[in-house]
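Here is what each chain is made of, one letter per residue.
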Amino acid sequence: EEHLKAVDHHNCRLGQWLDAGGMDKIPEKDRFSFQVAHEQVHKLGCSALEQAKSHQPERIVEFLTEMELASDEVSRVLLERIEEEFVRLATLDPLTNLPNRRAFDAQLTHNLAFSQRHKFWIGLIVIDIDYFKLINDDYGHSYGDDVLVEVSRVLETALRSEDYIYRWGGEEFAVLSMDKMSEGPVVLAERIRVAVESHLFCSESSQPTNVTVSCGAICFKHDLKVPEHEIFAMVDKQLYLAKDAGRNQVSHLILEAD
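Residues numbered from 1 in each chain as written. Predicted model: local features only at pLDDT ≥ 70, side-chain atom pairs only at ≥ 80, totals over all residues. Heavy atoms only, no water.

A.B. asks: Can you explain helix 6 (residues 132–139)? Please cite residues and give values.
C.D. replies: Burial in helix 6 covers these residues: F132, I135 and N136. The buried residues of helix 6 occupy an angular sector of 95° when the element is viewed end-on, so they sit on one face. Residues K133 and D138 are exposed on helix 6 and point more than 90 degrees away from its buried face. Of the surrounding elements, those touching the buried residues of helix 6 are strand 1 (121–129) and helix 7 (141–158). G140 sits one or two positions beyond helix 6 and adopts a positive phi of about 100°. (Buried < 20%, exposed > 50% of the residue type's maximum accessible area, 1.4 Å probe, protein only. Helix = DSSP H or I, 4+ residues; strand = E, 2+ residues; numbered from the N terminus. Arc of directions from axis to C-beta. Contact = heavy atoms within 4.5 Å.)

A.B. asks: Give me the side chain of N248: which residues, what numbers.
C.D. replies: Position of N248 among the secondary structure elements: in the loop between helix 9 (228–244) and strand 7 (250–255). For N248, a relative accessible area of 18% gives the class buried. Reaching out from N248, the side chain makes a polar contact with the side chain of E197 at a distance of 2.9 Å. In this structure, N248 is in contact with D130, R193, E197, T212, V213 and S214, ignoring residues within four places of it in sequence. (Polar contact = N/O pair within 3.5 Å; in protein donor to acceptor, adjacent residues only side chain to side chain.)

A.B. asks: An account of the sheet that holds strand 6 (residues 213–220) is needed here, citing residue identities and associated values.
C.D. replies: Backbone hydrogen bonds hold the strands of a sheet together, and the pairing may be parallel or antiparallel. The mixed open sheet is built from five strands, whose spatial order is 2-3-1-6-7. Of all the strands in the sheet, just strand 2 (164–169) and strand 7 have a single pairing partner and so form its edges. When the angles between neighbouring strand axes are averaged without regard to direction, this sheet yields 20°. Where strand 1 meets strand 3 (residues 172–179), eight bridges bridge the pair, whose relative direction is antiparallel. Among the inter-strand pairings, G123 is bridged to a residue of strand 3, identified as S177. Its contacts with the sheet put helix 7 on strand 1, strand 2 and strand 3, and the angle it makes with strand 3 is roughly 10°. (Pairing = 2+ DSSP bridges. Axes fitted to C-alpha atoms, helices over the stretch in contact; angles between N-to-C directions.)

Shown next as structure tokens:
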């Protein structure tokens, strides 16, 4: 009885994790085969123990071979899930759950290729929360974190399905967009600015506040012969111009290919 209980697939650490909600983390397409394989490992282990107790070793090797095959399926699914989780954590900002700058690089490569095929303009917008240091100083860093998270949600609602938003670092966010018209990014940047300005942040707290953002935007085609670091320098300059003009502004530049 005790050894049967010990090999029950619900009693091992993996089984306990699965029963506690871990199965939801297994991709749906793999769940059935994973569950069958996991149960098989335990059933075959139990059978091998029974053969050992009955002094019938001739079938133990057969059971162990089948256990190895079932274990390989369990390991495959878990290793793929672990790899996906590592990639997710490496490309996701832990505070806002937005993609980070590593994810930005991959999407920019994709946008450049798409732009080349379909003749779209590529937009890059950098968004900076105005006077964010004062928010931290006046209300504390925990409140500042709440504002960052809420800003990220407001920005998401202002975007279209084809736009991508990233936590750029600190109080800065970035948006990648594609448009048929070169004016698209500045229109999007203005919509973002208005969305933040009209939103009351931390409204359920004892200290609700208003927040504004400054935006620098540039628009370019895939064939622009400018190094990537210079493009970033240009959008940073536009952000500086927006802040220098009084904040809560959008400054933009359209880059034409030679």
